[in-house]
Structure formats: C-alpha cells, structure tokens
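Architecture and fold: a report
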Amino acid sequence: MGAHQTFPRGAVRIHGLSKSFTLNGAALPVLRDMNLYIRPGESLAVVGPSGCGKTTLLRVLAGLEAPDGGQVRIDGRPVQGVGTERAVIFQEPRLLPWLTVLGNVAFGFEVRGVPKAEAEAQARQNIRLVGLGEFEDAFPAQLSGGMAQRVGIARALAVQPEILLLDEPLGALDAMTRITMQDELARIWREQQVTMILVTHDLEEAIFLADRVLVMPREKGTPPRLIDIDLPRPRDRSEARFVAMRRRLMAEFGLH
Ligand SMILES: Nc1ncnc2c1ncn2[C@@H]1O[C@H](COP(=O)(O)OP(=O)(O)OP(=O)(O)O)[C@@H](O)[C@H]1O
Ligand SMILES: [Mg+2]
C-alpha cells in the first residue's frame, strides 16, 4: 500500500435507476428502481425480449439519455453526459465513408487531441489488434460487415475506455462471422482489461462472453435477474456445462 497504488478502474454502480418515456400522452415506465454493481473488468451481458429496455439502459450508462431518477456512478463519480472513460459500439459501425480504415481509426485518436502522425501510429496498433493489418488502406465500402464492425471496435478503443458499452454489436452479421467475432471480442476484452456491458439477443453469445447475465423481464418494472456464468475460459460452445447453461437461460424465457 503506497501513494502509487492504482485502483482497478471501470466499476459501474447503478443506484435506484428509473426511466420512463411518454407514449400517447401516458407515461411508459421502462426502468424502475434498478440497482446493480458491475465490478471493474467484469463482462456483463444484458438479454431480454424486444422493447424491455436494454438499449435504454445502455444509453443511460453511456450518458446519451438522462435518467428520471437514481444515479449511475463510474468509479464513484456520477455520470453526467458522455465521457471518454466509456465507449459505445452500436450495431452499425458508422464509419466515415471518405476515410480509409487507417483514417477512420486515427480519427478516434485525433478527436482526443493526439497529433496526426502519432494518431496514425496508434491507429495501426489498434487495427492489428482487431486483425485488419492488411486492410489499412481499404475504404469502408470495400469491407464486409464483420470487418467494418472490427474497424468500429478499433476506433472505439482509441479513447482507451475503461468501459465498453455494446448494443447488439454483432446483430447484423451472419452466423459464422458472428462466432468469429465473439472469439475476437473475448480476446479483446481479456487483453484490454475493460469492463464490458454487452446487449445481445443471442443467449449463446451471452454465455460465451459474460461473467454474469442480466435477464430483463418482459413485464416492465419487474426486477431483472442475474445469472452467474461460472464456466472456465476459453469457453467451449459444445461442452455439456455450456449446453446446460443455455438450456437454463432459455427456460428463463419459457423457451425449450
Ligand atoms: N426515445 C423514446 N421515446 C419514446 N419511447 C421510447 C424511446 N426509446 C425507447 N422507447 C420505448 O422504451 C421501451 C424500451 O425500448 P428499448 O429500445 O430500450 O428496448 P430494447 O430492449 O433495446 O428492444 P430491442 O431488443 O428491440 O432493441 C420500448 O417500449 C420503446 O418503445
Ligand atoms: Mg435495443
């Protein structure tokens, strides 16, 4: 214990969080008195039926949406708007079409004030991290969906976030690319030691990537349930315990 002790970063505390929208003049409660602690470096998956509030929760965590009540704290500090300790990745990577892969990722550094040459050097590292070293000079229109999403991830990592917020990042990809990208996300999460909060409708993806799964119910206002995924890593999708966990998670939704 000394003056230079570093505390783990990326803790998220959700305290008494509530959020409603107005629909046809009536209040539509989406999140109601939600409480959750996500520890630094944890991987949390958020699953639940369409419309249950997953994106709303992620947008509140990102600071893109203000809660009606309660608070989110990151490492003890209340969230007020967006911040560079958090990076958000959406289903569509939203690349700038007139910039190359290198340009798009370097842009992520330049907005942080990193000078151009240095930004490009760091961008090259991130591009290698996501396995696109050969494609630095390609334009977004020349990339597959999975490659474009990798560029989005490389750009998001430019801010060196403590927390990665992902809203169905692999949702637009075909089944095979999705599995490859799940392996990539698992590796990036491990190497970067970030806290990861991943919204997905794919239960297998949740089990593959998460330490815990937050199951949001269809009934608004019913408290979400947390399920520990205590499987060793790297995980094997065909292993008996993995399959049993998938069955258990499906049963949460009345599926067989
Ligand atoms: N800006 C908004 N204005 C009004 N209602 C909204 C707004 N954003 C979300 N909602 C409502 O809040 C509820 C939750 O929406 P949200 O997008 O969080 O669901 P979701 O769980 O992400 O669904 P999906 O799986 O389809 O992406 C829905 O009933 C939706 O209609
Ligand atoms: Mg959504």
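Residues numbered from 1 in each chain as written. Chains lettered and ligands numbered in written order. Predicted model: local features only at pLDDT ≥ 70, side-chain atom pairs only at ≥ 80, totals over all residues. Heavy atoms only, no water.

As annotated in an unreviewed UniProt entry, the protein chain carries the name Sulfonate ABC transporter ATP-binding protein and is attributed to Paracoccus salipaludis. On record in UniProt, under Sequence similarities (unreviewed entry), the comment for the protein chain is "Belongs to the ABC transporter superfamily." (UniProt positions renumbered as here; feature names shortened; annotations may be inferred.)

Some details on the site of ligand 1
The local shell around ligand 1 consists of Phe21, Leu28, Val30, Pro49, Ser50, Gly51, Cys52, Gly53, Lys54, Thr55, Thr56 and Glu168. In this structure, Gly51 approaches ligand 1 through a main-chain N or O atom, which is 2.8 Å from an oxygen atom. Interatomic distance of 2.6 Å between a side-chain N/O atom of Thr56 and an oxygen atom of ligand 1. In isolation ligand 1 exposes 640 Å². Once the protein is present, 61% of that is buried. With 3 residues, the top contributor of residues to the shell around ligand 1 is helix H1 (residues 54-62). Of the residues belonging to the shell around ligand 1, the class tally is 5 nonpolar, 5 polar and 2 charged. (Near = heavy atom within 4 Å. Polar contact = N/O pair within 3.5 Å; in protein donor to acceptor, adjacent residues only side chain to side chain. Areas by Shrake-Rupley, 256 points an atom, 1.4 Å probe, with all protein chains shown as cover. Helix = DSSP H or I, 4+ residues; strand = E, 2+ residues; numbered from the N terminus. Nonpolar A, V, L, I, M, F, W, Y, C, P; charged D, E, K, R; others polar.)

Quick look at the pairing of strand S7 (residues 163-167)
On a regular strand, one side chain projects to one face of the sheet and the next to the other, so that they alternate. Across the 5 residues of S7, 5 count as buried, placing the element largely inside the fold. Of the two faces of S7, both are covered, the one formed by Ile163, Leu165 and Asp167 as well as the one formed by Leu164 and Leu166. Alignment of strand S6 (residues 86-89) against S7, held across 4 bridges, turns out to be parallel. If you follow Ala87 over to S7, its bridge partner there is Leu164. The pairing of S7 with strand S8 (residues 195-199) spans 5 bridges and is parallel. Among the inter-strand pairings, Leu166 is bridged to a residue of S8, identified as Leu198. As a crossover connection, the stretch from S7 through helix H5 (residues 175-192) into S8 is right-handed. (Buried < 20%, exposed > 50% of the residue type's maximum accessible area, 1.4 Å probe, protein only. Pairing = 2+ DSSP bridges. Right-handed = clockwise from strand over helix to strand, strands pointing away.)

Topic: the side chain of Asn126
Residue position: Asn126 is located in helix H3 (residues 116-129). Judged by its relative accessible area of 12%, Asn126 is buried. Leaving out residues up to four positions away in the same chain, Asn126 has contacts with Val105, Phe109, Ala154, Leu157 and Ala158. (Contact = heavy atoms within 4.5 Å.)

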